[in-house]
Amino acid sequence: VELAISIAASVANYVIELREQVGLFTNGEDPLGIDNKPQMVLPAKGYAQLMQILTTLARVQAHETSGLVHLIQEQIVNLTWGTTMVVITGDASQSLFDSLINAQRVGIQVVLVLVGEVESVQVIKAQAESLGVQVHHIMYTPDLQIWQER
């Protein structure tokens, strides 16, 4: 979970440095959240936005409030054509791939970041790439540092 949070923070920082909008949707539990609903920070630009995302990520705990697939299906209708959605997860089921395909159909670019030890990672990478989904595997913190340098 900590590595996934670090990845999300790094992505947010990178996008803010590009002076682009970034938002956050997480299915982790926020102790300050309302009714155990997924936490979201709507897309915006600037340093204040980065601080809002980092604050939210600092509170997120590993208890799912909603399944990732359900969260993606709910949120793709709120994203505009051309948006890039970065999905950070430790597993990739067929239902996840189905939701990523649905996102692509409505004009959302998808990047899948697999975190930690992932079973059948090569099979998942091959499936993702065959669907046109960019995929990265970050197993340990040093892998994140290498990824950031690219």
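In this text, all values refer to a predicted model and were calculated from it rather than measured experimentally. (Residues numbered from 1 in each chain as written. Predicted model: local features only at pLDDT ≥ 70, side-chain atom pairs only at ≥ 80, totals over all residues. Heavy atoms only, no water.)

This next bit is on the environment of leucine 100. Mapped onto the elements, leucine 100 comes out in helix H4 (residues 94–105). Residues leucine 100 and lysine 125, 25 residues apart in the sequence, show an inter-C-alpha distance of 14 Å. (Helix = DSSP H or I, 4+ residues; strand = E, 2+ residues; numbered from the N terminus.)

Among all positions of helix H5 (residues 121–130), only Val121, Ile124 and Ala128 are buried. On an axial view of H5, the arc spanned by its buried residues comes to 60 degrees, and they lie on one face. Of the exposed residues in H5, the ones pointing more than 90 degrees away from its buried face are Gln122, Val123, Glu129 and Ser130. Looking at the buried side of H5, the elements it contacts are H4, strand E6 (109–115) and strand E7 (134–138). Just beyond H5, the residue with positive phi is glycine 132, at close to 80 degrees. (Buried < 20%, exposed > 50% of the residue type's maximum accessible area, 1.4 Å probe, protein only. Arc of directions from axis to C-beta. Contact = heavy atoms within 4.5 Å.)

So, about the environment of leucine 114. With respect to the helices and strands, the residue leucine 114 is situated in strand E6. Along the chain, leucine 114 and alanine 58 lie 56 residues apart, while their C-alpha atoms are 20 Å from each other. Excluding anything up to four places from it in sequence, leucine 114 contacts Thr89, Ala92, Val121, Ile124, Val135, His136, His137 and Ile138.

It is worth spelling out the side chain of threonine 26 at this point. Among the structural elements, threonine 26 can be located in strand E1 (residues 22–26). Polar side-chain contacts of threonine 26 include one of 3.1 Å to the backbone nitrogen of glycine 28. (Polar contact = N/O pair within 3.5 Å; in protein donor to acceptor, adjacent residues only side chain to side chain.)

Of the two faces of E1, the one lined by Val22, Leu24 and Thr26 is fully buried and the one lined by Gly23 and Phe25 carries no buried residue. When E1 meets strand E3 (residues 39–44), the two strands line up antiparallel, connected through four bridges. Bridge assignment links phenylalanine 25 to a residue of E3, and that residue is methionine 40. (Pairing = 2+ DSSP bridges.)

Turning our attention to the nonpolar core. Counting 21 residues, the largest nonpolar core has Met85, Leu96, Leu100, Leu112 and Leu114 as its most contacted members. The biggest single contributor to this core is H4, with four residues. In this view, leucine 96 contacts Leu68, Val69, Ile72, Val87, Thr89, Asp91 and Leu112; residues no more than four positions away in its chain are not counted. Core analysis: the second largest hydrophobic core is formed by 19 residues, Val15, Val22, Leu24 and Val113 among them. (Core = buried A, V, L, I, M, F, W, Y, C linked by side-chain atoms within 4.5 Å.)

Further remarks concern the packing of helix H3 (residues 68–75) against H4. Interaxial distance between H3 and H4 falls to 9 Å at its minimum, and their mutual angle equals 10 degrees. By the angle between their axes, H3 is roughly parallel relative to H4. In this structure, H3 contributes Leu68, Val69, Ile72 and Gln73 to the contact, and H4 contributes Ser95, Leu96, Ser99 and Leu100. Partitioned by chemical class, the residues of the contact of H3 with H4 number five nonpolar, three polar and no charged. (Axes fitted to C-alpha atoms, helices over the stretch in contact; angles between N-to-C directions. Parallel < 35°, antiparallel > 145°, perpendicular 65-115°, else oblique. Nonpolar A, V, L, I, M, F, W, Y, C, P; charged D, E, K, R; others polar.)

Right, let's get into the sheet that holds E7. Sheet strands associate in pairs through backbone hydrogen bonding, adopting either a parallel or an antiparallel arrangement. Here we have three strands laid out as an open sheet, ordered E5-E6-E7, and parallel in their pairing. Looking at strand neighbours, the two that pair on one side only are strand E5 (84–89) and E7, the edges of this open sheet. Across the sheet, the mean angle from the axis of one strand to that of its neighbour is 20 degrees, orientation sign disregarded. Relative to E7, H5 is tilted by about 160 degrees, and along the sheet it contacts E6 and E7.

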